[in-house]
Structures are given as C-alpha cells and as structure tokens.
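Working through the structure, step by step
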Number of protein chains: 2
Amino acid sequence: MLEQPSKKTELGTLGEFGLIKHLTEGFAPVHPSTIVGVGDDAAVIRPAENHDILVSTDMLLEGVHFDLAYVPLKHLGYKAAIVNFSDIYAMNGKPQQLTVGLACSNRFPVEALEQIYEGIAMACKAYDVDLVGGDTASSRTGLVLSLTILGTVEKDKAVKRSGAQVGDLLVVSGDLGGAYVGLQLLEREKSVFLEHPGAQPDLEGNDYILERQLKPEARQDIIEYLAESGIQPTSMIDVSDGLSSEILHLCGNSQVGCTLYEEKIPIDPTTYNMAREFGLDPTVCALSGGEDYELLFTMKQDDYEKLKNSALLTVIGHMTDASQGAVMIDKSGGQHEIKAQGWSAFEAE
Amino acid sequence: MLEQPSKKTELGTLGEFGLIKHLTEGFAPVHPSTIVGVGDDAAVIRPAENHDILVSTDMLLEGVHFDLAYVPLKHLGYKAAIVNFSDIYAMNGKPQQLTVGLACSNRFPVEALEQIYEGIAMACKAYDVDLVGGDTASSRTGLVLSLTILGTVEKDKAVKRSGAQVGDLLVVSGDLGGAYVGLQLLEREKSVFLEHPGAQPDLEGNDYILERQLKPEARQDIIEYLAESGIQPTSMIDVSDGLSSEILHLCGNSQVGCTLYEEKIPIDPTTYNMAREFGLDPTVCALSGGEDYELLFTMKQDDYEKLKNSALLTVIGHMTDASQGAVMIDKSGGQHEIKAQGWSAFEAE
C-alpha cells in the first residue's frame, strides 16, 4: 500500500554501535543546555538557572499503537516524537532533549530505520529539540519505539493535573475527534485494499483528519500564548486518550467535579461530516477518540478577559464541587455522567 | 523451572491507568530534587545548584536480552535498573530518578508485573533512586522493558569516554568474566532441564558467578572511593559489552592507543574454574563476555599513589599513541590486536 524503501541494507551489516552512529549522525545539538549529546554512557544537560527539569516517557508498539500497513515510517517517527513533546507542553514546559530506544527484527532494512529517524529529526527541528541518546536492540517480532523527553520549565511554573479549583473554567485548544475519525478512514481503506489489492485509496478531501492522525502537532503555540497573555493554568493535561478520560484525570487529581457543555466542544466540519458518514456520533469521537494532542486546562474565571478573543482556545465548561461529579450537559439540556472510554492498553486483545 | 506467581489476575481487569497506579504505589520519592513523581504528564525535577543532569536509556527484550526460563522476574527488574544506574556511575554521577516503560502480552498476570516492579523497587531502595514515571503497553509477544535514568553530577565533573591521554593508566574495578560464565551455566542447566524435566539444576558452589549474571550490582562504591581519594578519571565507561569493546570505545573516543596486560586482568577463581570446565579461555570470557558492570577508566599516572592500596581497583594497562593501536600483551609476552567481539544486537538471529 505504501512505498517501501527501494534500497535494502541488512541490519547486521552495521552492528549495534555502527547502527546507532549511522542513525544519529546529523543530529547536532542546538541547545546550549546540551553539554554532551549522543555517544557516551549518558548525555549531560546543564539546567538553566531557576528552572526545573521535566521528564516523560512513552512506548509505541507495532500492531498495538500503529499499523505499518498505512503509517509511513517517517510519519511514525514524527508522531512518536510529537506525542512526547506534547507531555512536556502539558506541564507548561518546553521540550529540549530526546532519547530514542528502538527495537526491531531483521525484516527491517537499515533504510526503514533511517526513515523513522528522518521523521524524528523533522520533529526535533520543528520543535527545537536535541536528540541526545538512544539504544537499538533486536526484537523477535514487531517494531518497538520507546522515547523519553526532557524539558524545562521556570521554577514553580510547572502545571500539574491537581491544581483545579471549584469555579475554574475548563478550556481546550484546537478541535477534537479528528485523529479518531482519520483512523477510521485509514482502517476502511486498508480493508478495501486487502479485498481488492489493485484499488487506490479514496482519501481525497480528507487531508485534515488524515493529518490529525498521521502527522499530529503538539501545542507549543498555546504554551507561548498563555505565557504572553499572563494566564497561569491551574491544572493541565494533553488529550491523548479522549476528552472524557482527560477530564476525569483533572477531576480525580484535583478532587473537584466538572460540568461540560456538549455544544461547546470544538469539532471541525471535516471531522463532523466524516463521523456521520461512518455512522458515528461526532461528540463521542471527541469524548472517546483520543490522539488529538490538544491541551486541556483549567484557569481562574478572572483570567477570562485574557483569552476571550483567542481563536485557539474554547471554554467548554467549568469545575464544580467533587460531590457533583463530572457531567456533560447535552444539546437538549440532558445531563450525562462522564465516563472514561479512552483507549485502554490491555483490553484490545 | 522457576516458581511462578500462584495467584493470577488478568491484566485487563485493572486497565492501563489502574495498572500503572497499582504497580507504582509504594514508590514514594525520597530525593528533595523530585518535586513531582509518578502520575502526571511528566515528572518535575529540581536540579541542585552547580550540578548537571545526566540521562541514559536502555531497552531489554525477552528472548534477546533475557530468557524467562531461568531469569526470575524480580531479578529481571533488579538487573534492568542496575544496568541503567551503571551508566550514570560511568559518567561519575549519581543516579536519582528512573522511568520505566513496560510492554507485555496478556499471558503475563498482574502478579508477574508486580514481581518485576518489586525488583525495580529493591534496586531503587539500595541505590537511593526515585521511580518518577512510566508507561505500560500491550505487546503482541514478549516482554519489553525500557528504562531511562536521570542522574546528577557536579558541574564540569562528568567523565566522558573521550578524555584519555597518552601515558594515562587503565584501571578496572572488581573482576571480569563472571557474568558470562554464569550465563553459560544457566544455559547448560536449561538444556538439561528441557531434556529431563524432572532434573534439579546443578548450581551448587557457583553462587558468585550466578549472582554476577542474575543480580549484578553497579559500582556506586567506586565513584565514592574516587571522590574521597581525590582521583578525577580522565575517561570512563562501564563494562557492559566486554573489556575489549569498552577499551576500543575509550581509545576511539579519546583518539589514543592502549596496551593491556593479560596477566593483570582480574578474574575470580570461581569464574576461572568454571570457564575451564566449559572449555573456555577465562581471558576471552573477560574480554568478550560483558555484563560485568564494572567501571573501566583512565587516570593520570601521578594519581597512582592514591589508589595503589585499593583492593577494589586493578591497573591493567596504559594508554599509548593512537598509531600504536590497542594491543594486549599475553602471559608469554606475545602481542595481540584487541578486537571487539562483544554482544552485537543484530547478529544473533
């Protein structure tokens, strides 16, 4: 279905050290905080004065988190990096250093790994991040990526999930549900292809939702906007598992309730229409789809004036007393308990 | 062959978030530098004044790096952590914060993962390290562990692989080859067991080499000794792939040569005798075996007085001009080029 690398160099020809060296050359550190990058027992990072260090880790496994039938390798590398960067923005920080662990079997030629690293390099360049370390290993079966991101945040400015208070506004960036609907589209075209190998995928006019799934971005711009506007969120999380799941994390960690208004949830028209085509409720796609990598945060009502003209942000609800629970008011005024139906790692099989 | 957990709780019953929470509860941060630990988008770490941050990452895959037929899960967790800590000591630093990525299939019950985390907890306690984050994922086949360790080192005191100079002494801690011979013993007993399932493993009297393989330690004591003795190594690396491979890394990164004396290589009598029993050359086990997690470093000749009474350290050679290459002088005075024959990730299959 996808173009495969035409040249195929067997992995064994480079050896483990040769392979790491080959894949990471060209990743020259740009941050003054990166004192030693790839190639030693550990990277050395010099923290800026009055700054804290943030660290987050994510694993991506073939057949679980991605399907190489329709995910180009370069996109996979890009997305793996973005997913990690997003965790740092969700703490109100800036990603700076990345390590990459990669395991795969011999069925992957060197050129395939090069494409993954190209994607990672693109993301590092776009978000001003240094690749400072990694590990490659042999896997008996599928491809495994394990990334760890280090970031920096001004001392005491990190935003946790636990700071939301009763009366705070609930705000989300961008729009939701697109990545999930994009995935449905890719799955459909894969099924068509498996039945009719000659068929060309019918993806036209759906660039937006495909990009949301295959080449998501992390919301650096939101963090910059909040800093410029003088808004310090009281709690924050990124939307990786779906709006419901993330709201419940904020409520649980902050020990508050939440009222969410269905009509306020931002959904792009492409997402909306394609969801309908699949017979899916667009709201459910936003609530349970995940992988949007938007930022969901709470802020003081007093700060409302500071964001009311932003096209990037939408107020979708407010925080209530814990006793009221987390509820959604639907378009007809009905009230529904918010339940986590996000992707769960161990239920798929 | 090994005792399996008797109670078996299916992974799916806890869900991804429940599982992480379950596995990481009880890991209370001890370092004042750990501001936010497990449970948010990222951990928050406050660097000590005038200290740099070190970061290193390692992957361990079932069937490649370990065989669950003879590696108890608790030992696996312990070793996975130790291997990472060792990378930080090899930079002259102190490990402080650990993140753990774990992927496995549903064939592992919750209790199996608990045992892995128990081992990680033991190592964290013994080495004064906080578990600050992690990720669990579903794997289609084997168990995958991906650990990232953060450490700290006084500003400008990190020891790289690249600082060795002509005339420097080459020093190694402890003894070598034990982990490799221990592995041979375990492999032999596994073969016996597969042929005669009723047989009891014959491991008596070999505690030392089995422990070198199954429950290695990282050389925190050496780093403390060097600091107390006022020795600043000029270059350093830990022995994970075998003495040959590590010497070549120091030579390559420092652009020097090396003369190693076979008779000086420290080998424990248990290692020596068991190697002979297997028809292996004990020196080759030390040169190519790996997994000893000893520290190999270079230092100024002027510092020799400071270590000459240490039972922990052995001078095994000295650094020469790059044009002389890396050579070993054998017990009969013969000269051999040092070649890397350490474990190579992609040659096994």
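So, about the packing of helix α4 (residues 178-195) of chain B against helix α8 (residues 269-277) of chain B. For any two helices packed against each other, the geometry is given by the interaxial angle and the distance between the axes. Residue and element names in this part refer to chain B. In the contact formed by α4 and α8, the axes pass within 9 Å of each other and the chain directions differ by 45°. Relative to α8, the element α4 lies oblique. For α4 against α8, the interelement crossing comes out left-handed. Where α4 abuts α8, its residues G178, V181 and L185 lie against T271, M274 and A275. Residues that form the contact of α4 with α8 fall into these classes: four nonpolar, two polar and no charged.

All names here are of chain A. Its place among the elements puts L313 in strand β11 (residues 313-320). On the neighbour-count criterion, L313 (24 C-beta atoms within 10 Å) is buried. Separated by 193 residues in the primary sequence, L313 and I120 place their C-alpha atoms 28 Å from one another. Among all residues touching L313, those that are not within four sequence positions of it are V171, S173 and L307.

Once that is clear, we can look at the interface of chain A and chain B. At the junction of the two partners, chain A supplies 61 residues and chain B supplies 61 residues. Counting residues per element, the side of chain A that touches chain B draws most heavily on strand β3 (residues 51-61) of chain A, at nine residues. Sheet analysis places β3 of chain A next to strand β2 (residues 43-45) of chain B, joined by three bridges and oriented antiparallel. Bridge assignment links L54 of chain A to a residue of β2 of chain B, and that residue is V44 of chain B.

Often the size quoted for an interface is simply the accessible area lost on bringing the parts together. All names here are of chain A. What the domain assignment lists for chain A is domain 1 (15-154) and domain 2 (169-337). The distance between the C-alpha centroids of domain 1 and domain 2 comes to 26 Å. Listed as interface residues are 15 residues of domain 1 and, on the opposing side, 17 residues of domain 2. Counting residues per element, the side of domain 1 that touches domain 2 draws most heavily on helix α2 (residues 73-89), at nine residues. Looking at the side of domain 1 that touches domain 2 residue by residue, the classes come out as ten nonpolar, three polar and two charged.

Soluble globular proteins tend to bury their nonpolar side chains together. Grouped together as the largest cluster of nonpolar side chains are 217 residues, with contacts concentrated most on L54, A81 and I120 of chain A together with L54, A81 and I120 of chain B. Residues in contact with L54 of chain B, not counting those within four places in the same chain, are A42, A43 and V44 of chain A together with I88, M91, G93, L150, G151, T152, V153 and A158 of chain B.

Procedures and definitions
Residues numbered from 1 in each chain as written. Chains lettered and ligands numbered in written order. Predicted model: local features only at pLDDT ≥ 70, side-chain atom pairs only at ≥ 80, totals over all residues. Axes fitted to C-alpha atoms, helices over the stretch in contact; angles between N-to-C directions. Helix = DSSP H or I, 4+ residues; strand = E, 2+ residues; numbered from the N terminus. Parallel < 35°, antiparallel > 145°, perpendicular 65-115°, else oblique. Left-handed = near helix turned anticlockwise from the far one by under 90°. Contact = placed C-beta atoms within 7 Å. Nonpolar A, V, L, I, M, F, W, Y, C, P; charged D, E, K, R; others polar. Buried ≥ 20, exposed ≤ 12 C-beta atoms within 10 Å, placed from the backbone. Pairing = 2+ DSSP bridges. Domains from an automatic or database assignment. Core = buried A, V, L, I, M, F, W, Y, C linked by C-beta atoms within 7 Å.

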